[in-house]
Amino acid sequence: AQTLSDWAAKEGRAFLRHDYSGHGESGGAFADGTISKWLSQSLAVFRHFTSGSQILVGSSMGAWIALRMVQELRKAGETNVVGLVLLAPAPDFTAELVEPVLTAAQKRDLAEKGFFAEPSDYSTEPYIYTRALIEDGRDNRVMTGPIDTHCPVHILQGLADPDVPSSHALKLVSLLPADDVTLSLIPDGDHRLSRPQDLDMLVRAVGDMAGRGK
C-alpha cells in the first residue's frame, strides 16, 4: 500500500487506502469482523472519499472484498470501477480453503467456543477463525459461477505462496471473462508479494491499467 501511495503521489494521481476494523490502525477486534462487515466498511469509505473512475487493488482477503464491492456497486448502478488488480487473491477462502480441511478439534471448537485459533506467520498473535466469519463467508461467495466484473482484471499470484495455492487463482481466472483477464504467475513469489521485484510488478500492473483510462 505504501509503495502504491508513493507511486500515485509521483504520478499526480489520487490514492485511497484504509484498514478494516480489527486491522492495522483501525479500532475494533478482528474476531468481531466478517466479510459482510468489512465489505460494508469498504463500500462506505469508497463512496464517501472517491469520485470518478477508480481501480480497486486488493490483496488476499482484500481481493475477495474487492470482487464483492464490484458486485454491490454494479447492483446499485454505480459503474466507476474501471479495473481490478488482485494480489494472491483469496475469494471464498473460508469455504474453499478453510472448511474442507477443518480437523475434528477445530470443528469442536467452532461448535462449542464459536472460534478456533491458529498460529500466524504474519503476527505474534494467533489467527482467529470465528463461526460467524465462516458462516458469513458462505453468504458472500463469488466463485459459484461466472464473475462479471465489467472491467479488466490483473491477478498477481506467487507459486511459492503457502497460504493461497496457485490453483485457487487459476480457478478464479476460469470464472472471469477471458478477454479482460491477465494472470501473472511469480515462480518464487510468496503470499505477501512484497519483495522489490514483486512491488515493481504491482506498480507496473496498476500503471498499465491506469493508462487504459487515459
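Just so it is clear, the model here is predicted, and its values are computed rather than measured. Position labels on residues start from 1 in each chain and follow its written sequence. Per-residue local features are limited, in this predicted model, to residues with pLDDT of at least 70; the limit for side-chain atom pairs, both in listing and counting, is 80 or more; totals at the level of whole chains, interfaces and linings are taken over all residues. Processing note: side-chain calculations cover all non-hydrogen atoms of the structure and skip hydrogens and water entirely.

Participant: Any chance you could explain the side chain of Gln 54 here in plain terms?
Facilitator: On the secondary structure map, Gln 54 appears in strand β1 (residues 54-59). Two N or O atoms form a polar contact when they lie within 3.5 Å of each other; inside protein one atom must be a possible hydrogen donor and the other a possible acceptor, and for residues adjacent in sequence the pair counts only when both atoms belong to side chains. One polar contact links the side chain of Gln 54 to the main-chain carbonyl oxygen of Gly 52, over a distance of 3.4 Å. We call two residues in contact when some of their heavy atoms are within 4.5 Å. When residues no more than four places from it in sequence are discounted, the contact partners of Gln 54 are Phe 46, Asn 80, Val 81, Val 82 and Gly 83. For helices the rule is a DSSP run of H or I covering at least 4 residues; for strands it is a run of E covering at least 2, with both sets numbered from the N terminus onward.

Participant: Even after reading the chapter, I still don't get the environment of Trp 38, so can you show me in this structure?
Facilitator: Here Trp 38 shows up in helix α2 (residues 35-49). C-alpha of Trp 38 to C-alpha of Ser 21: the two residues are 17 residues apart in sequence and 7.1 Å apart in space.

Participant: Help me understand the packing of α2 against helix α3 (residues 61-75), please; the structure alone is not making it clear to me.
Facilitator: Two measures define how a pair of helices packs: the angle their axes make with one another and the distance between the axes. Between α2 and α3, the shortest axis-to-axis distance is 10 Å and the interhelical angle comes to 65°. Between α2 and α3 lies a crossing whose hand is right-handed. Of the residues in α3, those in contact with Ile 35, Trp 38, Leu 39, Ser 42, Leu 43, Phe 46 and Arg 47 of α2 are Met 61, Trp 64, Ile 65, Arg 68, Met 69, Glu 72 and Leu 73. Residue polarity is assigned by list, with Asp, Glu, Lys and Arg as charged and Ala, Val, Leu, Ile, Met, Phe, Trp, Tyr, Cys and Pro as nonpolar; anything else, Gly included, falls into the polar class. Among the residues making up the contact of α2 with α3, the classes are represented as 10 nonpolar, one polar and three charged. Fitted lines through C-alpha atoms serve as axes, helices being fitted only where they are in contact, and the angles separating the N-to-C directions of these axes extend from 0 to 180 degrees. Crossings are sorted by hand: turned counterclockwise from the far helix by less than a right angle, the near helix makes the crossing left-handed, and turned clockwise it makes it right-handed.

Participant: Looking at this model, I keep getting lost on the pattern of salt bridges. Mind explaining?
Facilitator: Where side chains of opposite charge bring their charged atoms close, a pairing between them can arise. Salt bridges are defined as contacts in which a side-chain nitrogen from Lys or Arg sits within 4 Å of a carboxyl oxygen from Asp or Glu. What the rule picks out here adds up to 10 salt bridges. We note a salt bridge from Glu 72 to Arg 68, for which the minimum N-O separation is 3.1 Å. Highlighted residues: Glu 72 and Arg 68, both in helix α3, separated by four residues, approximately one helical turn. Relative accessible area decides the class of each residue, using a 1.4 Å probe on protein chains only: under 20% of the type maximum gives buried, over 50% gives exposed, and in between gives partly exposed. A relative accessible area of 10% means that Arg 68 is categorised as buried. Here Arg 195 ties to Asp 188 by a salt bridge, and the two come within 3.2 Å at their closest N and O atoms. Classification of Arg 195 as partly exposed rests on a relative accessible area of 23%. Residues participating in the shared-partner salt-bridge network are Asp 92, Glu 96, Arg 141 and Lys 171.

Participant: Explain the nonpolar core here, please?
Facilitator: Generally speaking, nonpolar side chains in soluble globular proteins are found buried as a group. In terms of nonpolar packing, the biggest core is built from 42 residues, with Leu 84 and Leu 86 touching the most fellow members. Elements with a contribution of two residues or more to this core: α2, α3, β2 (81-87), α4 (93-98), β4 (127-130), α6 (131-139), β5 (153-158) and α7 (166-175). For this core, the element with the most residues is α3, which contributes nine residues. Residues within four places of Leu 84 in sequence aside, it is in contact with Ile 55, Leu 56, Ala 66, Leu 67, Val 70, Thr 149, Cys 151, Pro 152, Val 153, His 154 and Met 209. Residues Ala 8, Val 85, Leu 87 and Leu 193 belong to the second largest nonpolar core, which totals 14 residues. Buried Ala, Val, Leu, Ile, Met, Phe, Trp, Tyr and Cys residues that are joined via side-chain atoms within 4.5 Å together make up what is termed a nonpolar core.

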